[in-house]
Amino acid sequence: MRSLFFVLFLISIGQVAEAAPGDLFNVLAERTEAARRPAFDACGEAGKKEFVSSVAESWYLWYEELAQVDPEDFDTAQAYLDALTAPLAPDGRDPGFSYLTDQAADDAQGSTGAYVGFGFSYGFDSQNRFLFSDVLQGGPAGDAKLQRGNEVLAIDMGAGYETIDELSERQATISEIFGGNEAGLERSFRIRQDQSVVEVTLAKRELDTPPLATEPLLLERPGNSPVGYLNLRSFILTANEALSDATRLFRDAGVTDLVIDLRYNGGGLVSVADRMLDLLGGLVATNQDSWSIVHNAKHSDEDFGAYFAEFPDSMKPLRIAFITTGGTASASELVINSLSPHIEVVLIGEDTLGKAVGQYAFDQDRWSAKWSTCDTRLRLIAFQIVNGEGNGEYYNGLVSSGGFTLCPAVDDLSRNFGDPDEASLNAALGWLNNGFCSANTTSSASTRARRMDEKASARSEWHLTQLPDAPFGLSPWVQ
């Protein structure tokens, strides 16, 4: 009876009946240990890493240059993805543009720019003052009448106000100062507004980003048609109607010279950029090639392009001054690069980031049936973007690539968007009125170096002043 038991048991676990007793106990031990291990989670980090590897080997633009690394060496799929694409970071081709997110968050960000926060972004000026650089209309900060240029003097995180210098001295972190993405989380701010000091308490909530930072403006100039001013925050779906309204306003006012402010615009949807190109170039370059998308050799049959089309609200600008910084990227650069063969353009401020590539959204649940319950989305660099003349590869910025004129100017945080005395807008108006850069500007390299030196002088050890801009997704400067 014992022999029959062993035979049946061994067959039930897939082993041959002739196994020796010692082998049997080894098999039993191995099976017992295996039973104790957690089951493979298809939607967990291991499943995500398998998903990343499968997509990248097929679709990554430079798949032949991916690092040869073992996914088991990394705790998270994002860390594994970063390691895979690390060889493409030093020359600016993919310094973190490929990333993992989830479908709901990504959809919200692309359609309305939604996120949970206080509704402001901030920066440090040449005097190392902590200033609001942008305040969203209809957000907690906007409802409290805060605005660009207001100085933050102190922040209360629940234990009393601490000055910015005190926060710097104890190396307070972003997560400590502003908290997590939790609706209802409160912080109190002591603010200098003009000559007054006020204290306000803000509570985070889910926000939709208004596509325009201010209403489109007509800046009058004696003896000439007005200059149209447009400040676009992001290429999100809600921008389409706003862009059409703006170009119709400019066209009806006889505008031929534009200032388009993209200083904080890190990109967004290519479809919205295409609409903007048709509104600005549809009459100037009707039916001519606008831009093209180029994939790797495995997917070259997926390459496609667009042409300039006339819309009912299209206008016919002669010159455009684009205000840019190192945070201007992706779809912003696509628009500038695609218009440059047809309209006289100049860059005002600083060179752009240099994101000449784009990501597709690869969803884990659609990639394979075994991941049908997973909601991970991989934003992977899968194509490069060129203009109608085939020019692209501006991986270190449009100006650095050649072919673009830059009039250097500082981002004057002390003045509101649309103020003709704001340094960048003033330089743009000078170029439009005179046809050349103002004599008092300096080279972009020296301007950027001076600003970095100024930033480093007072709080050189506080990481909050040294964080890099992140124009793709939400920047750490956005709260």
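Remember, predicted model here, so these are calculated numbers, not experimental data.

Student: Whenever I open this one, the state of the cysteines confuses me. Can you help?
Tutor: Throughout this description, disulfide means a covalent bond between two cysteine sulfur atoms. The full count for this structure, using the stated rule, is two disulfides. Disulfide pairing is shown between Cys43 and Cys374; the S-S distance is 2.0 Å. Between Cys43 and Cys374, the S-S torsion sits near -90 degrees, and that sign places the bridge as left-handed. Highlighted residues: Cys43 in the loop between helix H2 (21-36) and helix H3 (45-59) and Cys374 in the loop between helix H12 (364-367) and strand S18 (376-387), separated in sequence by 331 residues. Between the sulfur of Cys407 and that of Cys437 lies a disulfide, 1.9 Å long from S to S. An S-S torsion of about -80 degrees defines the bridge between Cys407 and Cys437 as left-handed.

Student: What exactly am I supposed to notice about the environment of Ala154 here?
Tutor: Mapped onto the elements, Ala154 comes out in strand S5 (residues 151-156). Look at Ala154 and you get buried, because its relative accessible area is 1%. Taking the C-alpha atoms as reference points, Ala154 and Phe130, separated by 24 residues in sequence, lie 9.5 Å from one another. Setting aside its immediate chain neighbours within four residues, Ala154 contacts Tyr161, Glu162, Thr163, Ile164, Ser188, Phe189 and Arg190.

Student: Would you explain the pattern of salt bridges in this entry?
Tutor: Between side chains of opposite charge, pairing is possible as soon as their charged atoms come close. Overall, the coordinates contain 23 salt bridges when judged by the stated rule. Taking the shortest distance from any N to any O, the salt bridge between Arg129 and Asp125 comes out at 2.7 Å. According to the relative accessible area criterion, Arg129 is partly exposed, its value standing at 26%. When the shortest N-O distance is used, the salt bridge between Arg248 and Asp245 registers 2.7 Å. Of this pair, Arg248 and Asp245 both sit in helix H9 (residues 239-252), three residues apart, roughly one helical turn. A relative accessible area of 34% places Asp245 in the partly exposed class. Connected through salt bridges with shared partners, the residues Arg148, Asp261, Arg263, Asp411 and Glu422 form a single ionic network.

Student: Would you mind showing me how to read empty space enclosed by the protein here?
Tutor: To locate leftover empty space, one rolls a probe as large as a water molecule over the atoms. Evaluated as defined, the whole model comprises two cavities of 30 Å³ or more. Estimated volume of the largest cavity: approximately 40 Å³. In this structure, the largest cavity is lined by Leu230, Leu243, Thr247, Phe250, Leu258, Ile260, Met276, Leu279 and Leu280. For the lining of the largest cavity, the secondary-structure elements that each account for two or more residues are H9, strand S12 (257-261) and helix H10 (270-281). Grouping the amino acids of the lining of the largest cavity by side-chain chemistry returns eight nonpolar, one polar and no charged. Together, 11 residues line the second largest cavity, and Thr324, Thr325, Val410, Asp411 and Ser424 are the ones closest to its centre.

Student: When you look at the sheet that holds strand S10 (residues 217-221) in this model, what are you seeing that I'm missing?
Tutor: Working definition: the strands of a sheet are paired by backbone hydrogen bonds and lie parallel or antiparallel to each other. Read across the open sheet, the six strands follow the order S10-S11-S12-S15-S16-S19; overall the sheet is mixed. With one partner strand each, in any of the chains shown, S10 and strand S19 (406-408) form the two edges of the open sheet. Within this sheet the neighbouring strands show an average axis-to-axis angle of 25 degrees, counted without direction. As paired strands, S12 and strand S15 (residues 319-324) are joined by five bridges and run parallel to one another.

Student: Would you explain H3 in this entry?
Tutor: For an α-helix, 3.6 residues make a turn, and residues three or four places apart therefore share a direction. Taking 1.5 Å of rise per residue, 15 residues should cover 21 Å, and H3 covers 21 Å from first to last C-alpha, within 8% of that figure. Those residues of H3 that sit buried are Gly47, Lys48, Lys49, Phe51, Val52, Ser53, Val55, Ala56, Ser58 and Trp59. On the buried face of H3, the contacting elements are helix H4 (77-85), strand S1 (99-102), strand S17 (357-363), H12 and S18.

Student: Please explain the side chain of Ser332 as it appears in this structure.
Tutor: With respect to the helices, strands and loops of the structure, Ser332 is situated in helix H11 (residues 331-339). Ser332 gets classed as buried once you look at its relative accessible area, which sits at 0%. If sequence neighbours within four positions are ignored, Ser332 has contacts with Phe235, Leu262, Asn265 and Gly267.

Student: Any chance you could explain the packing of H9 against H10 here in plain terms?
Tutor: When two helices pack together, their arrangement is captured by the angle between the axes and the distance separating the axes. With their axes 10 Å apart at the nearest point, H9 and H10 run at an angle of 10 degrees to one another. Taken together, the axes of H9 and H10 are roughly parallel relative to one another. Here H9 contributes Ala239, Asn240, Leu243, Ser244 and Thr247 to the contact with H10, which in turn contributes Val272, Arg275, Met276, Leu279 and Leu280. Here the contact of H9 with H10 is built from residues that sort into six nonpolar, three polar and one charged.

Student: Help me understand the nonpolar core, please; the structure alone is not making it clear to me.
Tutor: Among soluble globular proteins, nonpolar side chains are generally buried collectively. Counting residues in hydrophobic clusters, the biggest one holds 68 residues, and the most contacted among them are Met276, Ile320, Phe322, Leu339 and Leu380. Ignoring sequence-local partners within four residues, the contact set of Ile320 consists of Leu258, Ile260, Leu280, Leu339, Ile343, Glu344, Val345, Val346 and Trp431. Counting residues in each nonpolar core, the second largest holds 24 residues, with Ile164, Ala172, Ile174 and Trp462 among its members.

Student: What is the right way to look at the packing of aromatic side chains in this model?
Tutor: Each aromatic ring pair is specified by the distance between its two centres and by the angle formed by the two planes. Scanning the entire structure with this criterion turns up 20 aromatic pairs. Between Trp59 and Phe362, the aromatic rings sit 5.7 Å apart at their centres with planes inclined by 50 degrees, giving tilted as the arrangement. Taken together, the positions of Trp59 in helix H3 and Phe362 in strand S17 put the pair 303 residues apart, joining distant regions of the chain. Relative to Phe132, the ring of Phe120 lies with its centre 4.7 Å away and its plane at 55 degrees, an arrangement referred to as tilted. Of the two residues, Phe120 sits in strand S3 (residues 120-124) while Phe132 sits in strand S4 (residues 130-135), which places them 12 residues apart along the sequence. With a relative accessible area of 2%, Phe120 lands in the buried category. The buried category is assigned to Phe132, whose relative accessible area is 0%. Within the aromatic cluster, the residues linked to one another by ring pairs are Phe118, Phe120, Tyr122, Phe124, Phe130, Phe132, Phe178 and Phe189. For Arg93, the ring lying beneath its charged end belongs to Trp62, and the centroid distance is 5.0 Å. Taking NZ or CZ as reference, Lys355 lies 5.1 Å from the ring centre of Phe97, over its face.

Student: What's the story with H10 in this structure? I'm lost.
Tutor: With 12 residues, H10 extends 16 Å from end C-alpha to end C-alpha; this agrees with the ideal 16 Å at 1.5 Å per step. For H10, the buried fraction is high: nine of the 12 residues fall into the buried class. Of all the residues in H10, the buried ones are Val272, Ala273, Asp274, Met276, Leu277, Asp278, Leu279, Leu280 and Gly281.

Rules used throughout
Residues numbered from 1 in each chain as written. Predicted model: local features only at pLDDT ≥ 70, side-chain atom pairs only at ≥ 80, totals over all residues. Heavy atoms only, no water. Disulfide = S-S within 2.5 Å. Helix = DSSP H or I, 4+ residues; strand = E, 2+ residues; numbered from the N terminus. Buried < 20%, exposed > 50% of the residue type's maximum accessible area, 1.4 Å probe, protein only. Contact = heavy atoms within 4.5 Å. Salt bridge = Lys/Arg side-chain N within 4 Å of Asp/Glu carboxyl O. 1 Å grid on protein atoms, 1.4 Å probe; cavity = no way out; pocket = protein on both sides within 12 Å on 5 of 7 lines; lining within 4 Å. Points joined across faces, edges and corners; volume = space filled by probe spheres on them. Nonpolar A, V, L, I, M, F, W, Y, C, P; charged D, E, K, R; others polar. Pairing = 2+ DSSP bridges. Axes fitted to C-alpha atoms, helices over the stretch in contact; angles between N-to-C directions. Expected span 1.5 Å × (residues − 1). Parallel < 35°, antiparallel > 145°, perpendicular 65-115°, else oblique. Core = buried A, V, L, I, M, F, W, Y, C linked by side-chain atoms within 4.5 Å. Phe/Tyr/Trp six-rings, centres within 6.5 Å; stacked < 30°, edge-to-face > 60°. Lys NZ or Arg CZ within 6 Å of the ring centre and 35° of its normal.

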